[in-house]
Amino acid sequence: MEDQRDQDGASVQLGSEQAAVSDSTMVERTAPDMTVFACAACGAVLTGPLKRLPAVPEAPDYAWWEAEEMGPSPATVPSGCYAIETEPYGPPLVVAAAPGPVMPRHGTHYNIDGQPLVSQGPRGNIVMNPDDCHALTTRHASAACCGATPDGGLNQVCACGTLVATLCSDCCLPYELHLSPDHVRALPSPLNRLAHG
């Protein structure tokens, strides 16, 4: 399985909780089977069955400033799918040598001294459509005009009290949910057994 991960080219870092789970419960990188994600702390299932995409799609173009009602942009990831974020995402944000996206699919960001910032946050987040996740509530979200931003890090909590994900839902940002690989487990969907049975 290690060779398969190397060939895939995506360096997903599994957290200690997920790494302790047997290989049969981890996401197979090339398998078309469906996966559900559960809280690593309590086992609560957080998503329906999801199919893995080869990469995180580009965020849809959305003229949020022209929208009749303020709200989230169209979702980056189609419903029923997920992808692995290979770039750093979330805090800490550090001063960069040159301006560039602070995080994937985000514009440039500057500190109060006008210096450009980039993320040195974790890699390997599981990016999905926020509407495909249930049983989470928002906590510690960075303030924005009409939604949550990822600037403060994990802001979605499981019913057991464990922070497991980062929601990005402000109108001018990509609409995404990033499950933390350190705080969730990937499990084969029961639909897989039906399909292969």
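Above this note sits the structure.
What you see is a predicted model, and the numbers here were worked out from it, not measured in a lab. (Residues numbered from 1 in each chain as written. Predicted model: local features only at pLDDT ≥ 70, side-chain atom pairs only at ≥ 80, totals over all residues. Heavy atoms only, no water.)

A. Main features of the overall build of the protein chain. The helix and strand tally for the protein chain stands at 3 helices and 11 strands. The order of helices and strands in the protein chain, counted from the N terminus, is α-α-β-β-β-β-β-β-β-β-β-β-β-α. Buried positions account for 41% of the 197 residues belonging to the protein chain. For the protein chain, the share of sequence-separated contacts (at least 6 apart) that also reach a separation of at least 24 residues comes to 59%. (Helix = DSSP H or I, 4+ residues; strand = E, 2+ residues; numbered from the N terminus. Buried < 20%, exposed > 50% of the residue type's maximum accessible area, 1.4 Å probe, protein only. Contact = heavy atoms within 4.5 Å.)

B. The sheet that holds strand E10 (residues 176-179), seen in detail. The 7 strands are arranged E2-E3-E6-E10-E9-E8-E7 in an open sheet whose pairing can be described as mixed. Pairing within the sheet leaves two strands with one partner each, and these edge strands are strand E2 (51-52) and strand E7 (137-138). (Pairing = 2+ DSSP bridges.)

C. Quick peek at the pattern of salt bridges. Counted under the stated rule, the structure contains 3 salt bridges. Residues glutamate 87 and arginine 123 are paired through a salt bridge, measuring 4.0 Å at the closest nitrogen-oxygen approach. Note that glutamate 87 is positioned in the loop between strand E3 (81-84) and strand E4 (93-95) and arginine 123 in the loop between strand E5 (117-119) and strand E6 (126-128), a separation of 36 residues in sequence. Overlapping salt bridges, with partners in common, bring together Glu85, Arg105 and Glu176 in one network. (Salt bridge = Lys/Arg side-chain N within 4 Å of Asp/Glu carboxyl O.)

D. Summary view of the side chain of serine 189. The residue serine 189 is located in the loop between strand E11 (184-188) and helix H3 (190-196) in this model. Apart from residues lying up to four places away in sequence, serine 189 is in contact with Met34, Thr35, Val36 and Pro49.

E. Quick peek at the nonpolar core. Counting 20 residues, the largest nonpolar core has Phe37, Leu46, Leu136, Val164, Leu177 and Leu179 as its most contacted members. Put simply, the parts of the chain that give this core at least two residues each are strand E1 (35-39), E3, E6, strand E9 (163-168), E10 and E11. When residues of this core are assigned to their parent elements, the largest contribution, 3 residues, is made by E9. The contacts of leucine 136, once residues within four sequence positions are left out, are Leu46, Gln156, Val157, Cys158, Val164, Ala165 and Leu177. (Core = buried A, V, L, I, M, F, W, Y, C linked by side-chain atoms within 4.5 Å.)

F. Inspection of the environment of arginine 52 at higher detail. In this structure, arginine 52 sits in strand E2. Overall, arginine 52 belongs to the buried group, its relative accessible area being 15%. Arginine 52 sits 30 residues away from tyrosine 82 along the chain, and the two C-alpha atoms are 5.0 Å apart.

G. Main features of the environment of valine 184. Mapped onto the elements of the fold, valine 184 is located in strand E11. A relative accessible area of 0% places valine 184 in the buried class. As a C-alpha pair, valine 184 and phenylalanine 37 span 147 residues in sequence and 6.3 Å in three-dimensional space.

H. Expanded view of the state of the cysteines. Enumeration according to the criterion identifies 0 disulfides in this entry. Considering cysteine sulfurs only, cysteine 160 is the nearest to cysteine 39, which forms no disulfide, with 3.8 Å between them. With relative accessibility at 0%, the residue cysteine 39 sits in the buried group. (Disulfide = S-S within 2.5 Å.)

I. Examining the side chain of threonine 166 more closely. Positionally, threonine 166 belongs in strand E9. A polar contact of 3.5 Å, which involves the side chain of threonine 166, links it to the backbone nitrogen of leucine 154. Ignoring anything within four residues of it in the chain, the contact list for threonine 166 reads Tyr89, Pro150, Gly153, Leu154, Asn155, Gln156, Glu176, Leu177 and His178. (Polar contact = N/O pair within 3.5 Å; in protein donor to acceptor, adjacent residues only side chain to side chain.)

J. View of the pairing of E10. Going residue by residue along E10, you find Glu176 and His178 tucked away on one face and Leu177 and Leu179 tucked away on the opposite face as well. Sheet topology places E6 next to E10; 3 bridges connect them, and they run antiparallel. Bridge assignment links isoleucine 126 to a residue of E10, and that residue is leucine 179. Examined bridge by bridge, E9 and E10 share 4 bridges and lie antiparallel to one another. Looking across to E10, one finds that threonine 166 is bridged to histidine 178.

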